[in-house]
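Structure assessment
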Amino acid sequence: MGLRRMVYLMIKEISPSADEVIIVTSSLMKDMNSKIDMYRANAIRVLCRITDGTLLSQIERYLKQAIVDKNPVVASAALVSGIHLLQTNPEIVKRWSNEVQEAVQSRAALVQFHALALLHQIRQNDRLAVSKLVTSLTRGTVRSPLAQCLLIRYTSQVIRESGNNTQSGDRPFYDYLESCLRHKSEMVIFEAARAITELNGVTSRELTPAITVLQLFLSSSKPVLRFAAVRTLNKVAMTHPMMNFLSNILREEGGFDYKKAIVDSIVILIRDIPDAKEAGLLHLCEFIEDCEFTVHLENATVRASAVSTLAKFGAAVDALKPRIFVLIRRCLFDSDDEVRDRATFYLNTLGGDGSVVDTDIDVKDFLFGPFDIPLVNLETSLKNYEPSKEAFDIYSVPKEVKSQPLAEKKAPGKKATGLGAPPSGPPSTADAYERMFLAIPEFANFGKLFKSSAPVELTEAETEYAVNVVKHIFDRHVVFQYNCTNTIPEQLLEDVIVIVDASEADEFSEVFSKPLRSLPYDSPGPTFVTFEKPEGVPTLGKFSNILKFIVKEVDPGTGEVEDDGVEDEYQLEDLEVVSADYVLKVGVSNFRNAWESMGPDCERVDEYGLGPRESLAEAVNTVINLLGLQPCEGTEVVPPNSRSHTCLLSGVFIGNVKVLVRLSFGLDGPKDVAMKLAVRSEDETVSDAIHEIVASG
């Protein structure tokens, strides 16, 4: 038996040529008439795999007999073969309709399943025939659970194609789907419930029995049923929010995380489905009335949150403003500092005496718009603010995400050096660079510093001189700050300067350079080279660099420096100004709200092929680094084994233009990555510029 089955498999894989197939066919024909049913079934499968239209006509009589054979293995083999042959010889298979119709009435579950699948494929191009088939079978002649699932799918297809009855408004075959919810097989029950939830224009009355069944599946001991129920209920909730269900479980016992997840779900439904807003707010209000903080609100944190929420209601609904002002004024006498401060703040922000007046548009933007200033930067600026006649200006707070301290170069056996840091200031903060430029007269009229890059190393480790560069971007200028360190104790460097060749940066013109007068051992210092560029334009270029200086010998014992020195130079690595240098990493607290508030007026969408990549994560990181934007909501992390991923980015383009980017990645083949790039900004030229960065990168 085992050897014969192996021969069958070999014949199917080898697929003999036309000259040889007649010999194989003769052998298989003998097996088709064998007394052993397994030989007959396997022979039918192999024959139908290797035969052509001519030979198929010769064995058609045997196949039709096999379809109605008493042995279910033989009948199923013939039916499955018919499903495959229908793709290559449809005219012959369609002549088997009577035999297949008879097989549909079989008591064998597998035969009935295969027969129904083949019969539907034979009639699938005839809508009337399919409708008659469904009508006849929904009267209870199908016993196989697998066939029943197929019939439910065919019934759903007929319902979609026929639509509602225009006279009575009843949906055809809905009663059949509803009756399947009481079937003894769980797979049939789930298939029927899913079919009902996917009906076009399904009403709440029609959904109720299906939802009840799916909720029961949530407590099933079988993981696959729980998973299927959750996935289906999730799809239903996107169009028919189950507020009553969420409201009921919100009142059940559970911890903070559990309750927070439920409340967040209700809020999402309110936000995304306009029809759910009234019901969702009603349930949340009822829960607030029932919770422990009712009436007296004895918890200060809850009171402070309530003040903020009331203020937002007052800003959004002008008619409620008088009553809301009364409530907020009472909070001015609260025992908690936070509550009093918030009450004072919102009363002054909303302005007026609480009468019914329109709220200023700037106030609404402040209360409801995204807060794009990093809290760490705001805290630092407030600490550094010195009270004076001028009020604190929130727009002076740097929006760039605070970077790490600049890289430090270590020579063997030497202590670490703070490269690139202004000698008297803390390393690598936007405020420190701003103060540094204000203190240098040559840079005083350059305007506000837009961005300072992370340091770029221009020398290898363990060399005589360590140099890195920080690119400072202004509206019309780019300043290269070369941070130099002398690692040789016996030398003093003087008149240190970097000679920059901008032959590959046509749109840049050198304005001036500021040399470093003295560079002792292990005492880092900066030298500057300044270029002018077109105003507000992300100009790109490549620069060659040579470090020039005068070397003077130093006596290691006495520390005395010789009077005479020797001119020398040291070749540095090339430096590039790239598109990412013109983008600030500025995050948003709620990307969806920021995206919708930006609007589609300046949106640009296109698709790109990124070619073969090691992984989807590598492609995502490459594009993030290319654009220089801030990943939002943790979307820079790609789950393992994912074949698709969405990454959200935000930032500010030069000229203080806000930019939001939605990247959709997908694997196109084994390793090829395709990407859809959607950009929204406040200026369409900026949206185009982001696409140009990707297209040229």
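Before any of the text, the structure's been laid out above.
For clarity, every value in this text was computed on a predicted model and none was experimentally measured. (Residues numbered from 1 in each chain as written. Predicted model: local features only at pLDDT ≥ 70, side-chain atom pairs only at ≥ 80, totals over all residues. Heavy atoms only, no water.)

What to know about the overall build of the protein chain
Check the secondary structure of the protein chain and you find 26 helices and 17 strands. Expressed as a percentage of contacts within the protein chain between residues at least 6 apart in sequence, the contacts between residues at least 24 apart total 61%. Carbon together with sulfur atoms contributes 52% to the accessible area of the protein chain, which is approximately 38,000 Å² in total. (Helix = DSSP H or I, 4+ residues; strand = E, 2+ residues; numbered from the N terminus. Contact = heavy atoms within 4.5 Å. Areas by Shrake-Rupley, 256 points an atom, 1.4 Å probe, with all protein chains shown as cover.)

Some points on the packing of helix α9 (residues 127-137) against helix α10 (residues 145-162)
Two elements in contact, α9 and α10, have axes separated by 10 Å at closest approach and are oriented at 130°. Here α9 is positioned oblique relative to α10, judged by the angle of their axes. You can see that α9 and α10 cross each other, and the crossing is left-handed. Each of R127, V130, S131, V134 and L137 in α9 lies in contact with α10, whose residues at this interface are L151, Y154, T155, V158 and E161. Considered class by class, the residues forming the contact of α9 with α10 number six nonpolar, two polar and two charged. (Axes fitted to C-alpha atoms, helices over the stretch in contact; angles between N-to-C directions. Parallel < 35°, antiparallel > 145°, perpendicular 65-115°, else oblique. Left-handed = near helix turned anticlockwise from the far one by under 90°. Nonpolar A, V, L, I, M, F, W, Y, C, P; charged D, E, K, R; others polar.)

Re a nonpolar patch on the surface
Judged by side-chain polarity, L3, M6 and V7 come together as a nonpolar surface patch covering roughly 310 Å² of accessible area. Structurally, M6 can be placed in helix α1 (residues 2-14). (Patch = residues over 30% accessible without salt bridge, like charges linked within 9 Å, V, L, I, M, F, W, Y side chains within 5 Å. Salt bridge = Lys/Arg side-chain N within 4 Å of Asp/Glu carboxyl O.)

Notes on the packing of aromatic side chains
Enumeration over the complete set of coordinates arrives at 18 aromatic pairs. Geometrically, the ring pair formed by F437 and F443 is edge-to-face, given 5.1 Å between the ring centres and 90° between the ring planes. For F437, a relative accessible area of 4% puts it in the buried group. Judged by its relative accessible area of 2%, F443 is buried. Ring geometry for Y465 against Y570: centres 5.5 Å apart, planes inclined by 85°, an arrangement best described as edge-to-face. With Y465 in strand β3 (residues 465-473) and Y570 in strand β10 (residues 566-571), this residue pair connects regions lying 105 residues apart in the sequence. Judged by its relative accessible area of 6%, Y465 falls in the buried class. Taken together, the aromatic side chains of F437, F443, F446, F474, F512 and F528 make up a single cluster linked through ring pairs. (Phe/Tyr/Trp six-rings, centres within 6.5 Å; stacked < 30°, edge-to-face > 60°. Buried < 20%, exposed > 50% of the residue type's maximum accessible area, 1.4 Å probe, protein only.)

Re the side chain of T527
Here T527 lies in strand β8 (residues 525-532). Within the structure, T527 has its side chain in polar contact with the backbone oxygen of K514 (distance 2.8 Å). (Polar contact = N/O pair within 3.5 Å; in protein donor to acceptor, adjacent residues only side chain to side chain.)

Here we look at helix α18 (residues 300-316)
An ideal rise of 1.5 Å per residue puts 24 Å on 17 residues; α18 measures up with 25 Å between its terminal C-alpha atoms. Residues of α18 that are buried: R303, A304, V307, S308, A311, G314 and A315. Buried residues of α18 fall within an arc of 140° about the axis and therefore sit on the same side. (Expected span 1.5 Å × (residues − 1). Arc of directions from axis to C-beta.)

Topic: unusual backbone geometry
The phi dihedral of D495 falls on the positive side, at around 50°, and the residue is not glycine. Note that D495 resides in strand β5 (residues 491-504). The phi torsion at N656 lies on the positive side, around 60°, for a residue other than glycine. Tracing the chain through its elements places N656 in the loop between β15 (644-653) and β16 (657-667).

Observations regarding the pairing of β3
Counting buried positions over the nine residues of β3 gives nine, a clear majority of the element. Because side chains alternate across β3, one face comprises the buried residues Y465, V467, V469, K471 and I473, and the other comprises A466, N468, V470 and H472, equally buried. Note: strand β1 (residues 451-452) against β3, two bridges, orientation antiparallel. Considered in β3, the bridge of K451 is made with I473. The pairing of strand β2 (residues 456-457) with β3 spans two bridges and is antiparallel. Directly across from E457, in β3, lies its bridge partner N468. Looking at chain direction, β3 and strand β4 (residues 477-486) are connected through nine bridges and run antiparallel. Residue Y465 lies in a different strand from β4, and its bridge partner there is N486. (Pairing = 2+ DSSP bridges.)

Concerning a negative patch on the surface
A surface patch of negative charge is lined by E490, E553, D555, E560, E562, D563 and D564. With respect to the secondary-structure elements, D555 resides in the loop between β9 (541-553) and β10. (Lys, Arg positive; Asp, Glu negative; His and termini not counted. Charge placed at Lys NZ, Arg CZ, Asp CG, Glu CD.)

Describing the pattern of salt bridges
Scanning the entire structure with this criterion turns up 26 salt bridges. A salt bridge links R340 to D337; the nearest nitrogen and oxygen atoms lie 2.2 Å apart. On the criterion of helical spacing, the pair formed by R340 and D337 is a turn pair, its members being three residues apart in helix α20 (residues 337-350). A salt bridge links E442 to K514; the shortest N-O distance between them is 3.7 Å. Here E442 is found in the loop between α23 (430-438) and β1, whereas its partner K514 is found in strand β6 (residues 509-514), with 72 residues between them in sequence.

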